Amino acid sequence: MLLKRSNLFRSFVGLLVMFTIFVAGCSNTTKDQENASDKEKTKVVTFSWPGDIGDLNPHTYFPNEFFSQAMVYEPLVYYGEGGEIQPWLAESWDISKDGKEYVFHLRKDVQFSDGSPFNAEIVKKNFDTVLDNRKQHEWVELINQIKSTEVVDEYTFKLTLNNSYYPTLQELTYVRPLRFVGEAAFPDSQNTFKDGLKSPIGTGPWVLTEYKKNEFAVFERNEQYWDTKPKVDKVVVKVITDGESRVLAFEKKELDFIFGNGVISQDSFQFLKNSGKYETKLSEPTATRTLLFNTNNEATKDRKVRLALNHAFNKQAVIDNIFYGMEEKADTLFPPVLDYTKINVDPYEYDAAKAEQLLDEAGWKKVEGKPFREKDGKELQLELLFNSTDNIQKSIAEFVQGDFRKLGIDIKLISQETNTFWTTAFEGKYDLLFTSTWAVPFDPHSYLAAITTDSENGSPDYTALLGLPKKKELDQKIKKVLLTTDEKERKMLYTDILTTLHEQAVYLPISYQSNVAVYHKNISGVDFLPQEVEVPLTSIDVK
């Protein structure tokens, strides 16, 4: 009887265990289904960038990336289509008659992503921490012109300038450094440039939620956002330095879209476009792709050598064979469609015979039996520095090397990753540097202003142009053109400055570059924004 009761008990326990397992299994299945359902509801888009996003501080520069700073931080005013200055965090503004006072009326419905208020106090605090480090930002002339900042009332902020400065509103649209972090983001020292941020807290449509240096960054939609919220919930940015690896990842659907300039080669863009499997877009020209000569070095300080290299460069062959005709040949430093940039100069057409003549006149002669020209027993070897993560620069650099060799010029290619590239560029350790102008809203005035300053966050052009005999005079004209209130004089000075740069042949403009976009057919809203550096992540949607 005891045995029977025991067996019955064990049978009962066994059934109970099986029932429990069954119920638990059903419960787990339900949770898995719920999780899967939640995952399906969450809209995620993934793309890649050649470098890490940096520490996401709007008041600093490298290794921060423009696009990620623009995701989190916003300006007082926005640079819209056609250069129209639009209200943004400031809903309106007043300018004094003498052009020295700007009073901004701030939006009252804006919060930072941590829920803290956006008001005139925090605007002033952000301005002041930037102004405390003026030397680091002096390539932005507005920084030099700000005399004082003032809180007029809770939602009114006043900026007083030393002089009337015509690009004031335009420079307030820049992605850095005059954008705003929340109170809790400030370090104990309150110096965001020197000590960084405690946390990347902004008012923008995205919040950084996960990050692994040099691997990925995850941004989620800012549910506190005051304007139209992004269509997707999450953006994943993967770091992929190589263009071909980026294409492979895209084809395997590990990436939803490819966006930017130089992120893939033009060969790859054509391949993806011609496959018919994907959507592709090419933006209107944005900036000028150019080579910059170092006027301090032995060979390139000679204007005849710089002229020779301008005539030796077969731009049309590059346009036809590398860009497949997608980019327009550039003959001047800035596209002539920008304000003040249309100048009447003769372009340096491709003319190998003229290039050889100029090199001969400069003393660089051909030597029988030797592949390269020589002067005083020294070979004509020039170092061309380019960014290894830019797939287009590499293609053009290799073309230049082969083409210039025919004229007896030995081009040594120096390929460096982004941060090292810029360090070397600012140190002036090159003969030719692959670079580009900055596009709107920076061109032409901020690009030229950076030529006049040795600010480490400006441009390498300052150092490169120090060898020009008229550098001091050129700087004075640039300073003057930024401050004149006479429109006629401003046009005249810009023409004078740009003509001088052309005649000195310190740049070798190649083409007017464009952004490319390639995306899967289930992705929509991939449009080009007015600022070249921004990625349209608020409009992108996924089916």
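This is a predicted model, so every value here is computed, not measured.

### Comments concerning the sheet that holds strand E7 (residues 156-161)
- A sheet is described by the order of its strands in space; here four strands give the open sequence E4-E5-E7-E6, paired in antiparallel fashion. Bordering the open sheet on either side are strand E4 (90-95) and strand E6 (146-153), each of which pairs with just one other strand. Sheet twist, expressed as the average angle between the axes of neighbouring strands with direction ignored, equals 20°.
- For strand E5 (residues 101-106) and E7, the ladder comprises five bridges, and the chain directions are antiparallel. Its bridge partner being in E7, His105 is matched across the sheet by Thr156.
- Here helix H3 (residues 120-131) sits on the sheet and contacts E5, E6 and E7; the angle it forms with E6, its principal contact strand, is near 165°.

### Digging into the UniProt feature "domain: Solute-binding protein family" (unreviewed entry) in the protein chain
- In this numbering, the UniProt entry assigns the feature "domain: Solute-binding protein family" (unreviewed entry) to residues 84-458.
- Helix makes up 29% of residues 84-458 and strand 23%, and the two end C-alpha atoms of the span are 25 Å apart.

### Quick look at the environment of Gln145
- When you line up the elements, Gln145 lands in helix H5 (residues 141-145).
- Put simply, Gln145 and Val130 are 15 residues apart on the chain and 13 Å apart in space, counted from C-alpha to C-alpha.
- Excluding residues that lie within four positions of it along the chain, Gln145 makes contacts with Thr160, Leu161, Asn162, Asn163, Tyr165 and Leu483.

### Structural notes on the packing of helix H17 (residues 471-483) against helix H18 (residues 487-504)
- Between H17 and H18, the least distance of the axes is 9 Å, while the angle of their chain directions is 150°. Taken as axis vectors, H17 and H18 run roughly antiparallel relative to one another. Classified by chirality, the crossing of H18 by H17 is left-handed. In contact with Leu474, Lys477, Ile478, Lys480, Val481 and Leu482 of H17, H18 contributes Glu489, Arg490, Leu493, Tyr494, Asp496, Ile497, Thr500 and Leu501.
- Class assignment for the residues of the contact of H17 with H18 results in eight nonpolar, one polar and five charged.

### Some details on the nonpolar core
- Among the nonpolar cores identified, the biggest contains 100 residues, and Phe104, Phe127, Phe219, Val235, Leu465 and Leu501 are the most heavily contacted of them.
- Of all the elements, H3 adds the most residues to this core, at six residues.
- Discounting chain neighbours no more than four positions away, the residues touching Phe127 are Leu76, Ile146, Thr149, Phe157, Leu159, Leu172, Leu178 and Phe180.
- Within the second largest apolar cluster, 36 residues are counted, among which are Ile322, Ala355, Ile409 and Ala505.

### Quick look at the domain arrangement of the protein chain
- Entries for the protein chain in the domain assignment read domain 1 (74-185), domain 2 (206-283 + 516-542) and domain 3 (287-513).
- Between domain 2 and domain 3, the C-alpha centre-to-centre distance is 31 Å.
- For the pair domain 2 and domain 3, the summed buried surface comes to about 1,300 Å²; carbon and sulfur atoms form 49% of the total.
- In this assembly, domain 2 and domain 3 are joined by zero salt bridges.
- Where domain 2 touches domain 3, the interface holds five residue pairs in polar contact (both at pLDDT 80 or more).
- Mapped by element, the contributors of at least two residues to the side of domain 2 that touches domain 3 are helix H8 (243-251) and helix H9 (266-275).
- Counting residues per element, the side of domain 2 that touches domain 3 draws most heavily on H9, at four residues.
- Taken together, the residues that form the side of domain 2 that touches domain 3 break down as five nonpolar, eight polar and three charged.

Each value, and the rule that gives it
- Residues numbered from 1 in each chain as written.
- Predicted model: local features only at pLDDT ≥ 70, side-chain atom pairs only at ≥ 80, totals over all residues.
- Heavy atoms only, no water.
- Pairing = 2+ DSSP bridges.
- Helix = DSSP H or I, 4+ residues; strand = E, 2+ residues; numbered from the N terminus.
- Axes fitted to C-alpha atoms, helices over the stretch in contact; angles between N-to-C directions.
- Contact = heavy atoms within 4.5 Å.
- UniProt positions renumbered as here; feature names shortened; annotations may be inferred.
- Parallel < 35°, antiparallel > 145°, perpendicular 65-115°, else oblique.
- Left-handed = near helix turned anticlockwise from the far one by under 90°.
- Nonpolar A, V, L, I, M, F, W, Y, C, P; charged D, E, K, R; others polar.
- Core = buried A, V, L, I, M, F, W, Y, C linked by side-chain atoms within 4.5 Å.
- Buried < 20%, exposed > 50% of the residue type's maximum accessible area, 1.4 Å probe, protein only.
- Domains from an automatic or database assignment.
- Buried area = accessible area lost by both parts, 1.4 Å probe.
- Salt bridge = Lys/Arg side-chain N within 4 Å of Asp/Glu carboxyl O.
- Polar contact = N/O pair within 3.5 Å; in protein donor to acceptor, adjacent residues only side chain to side chain.

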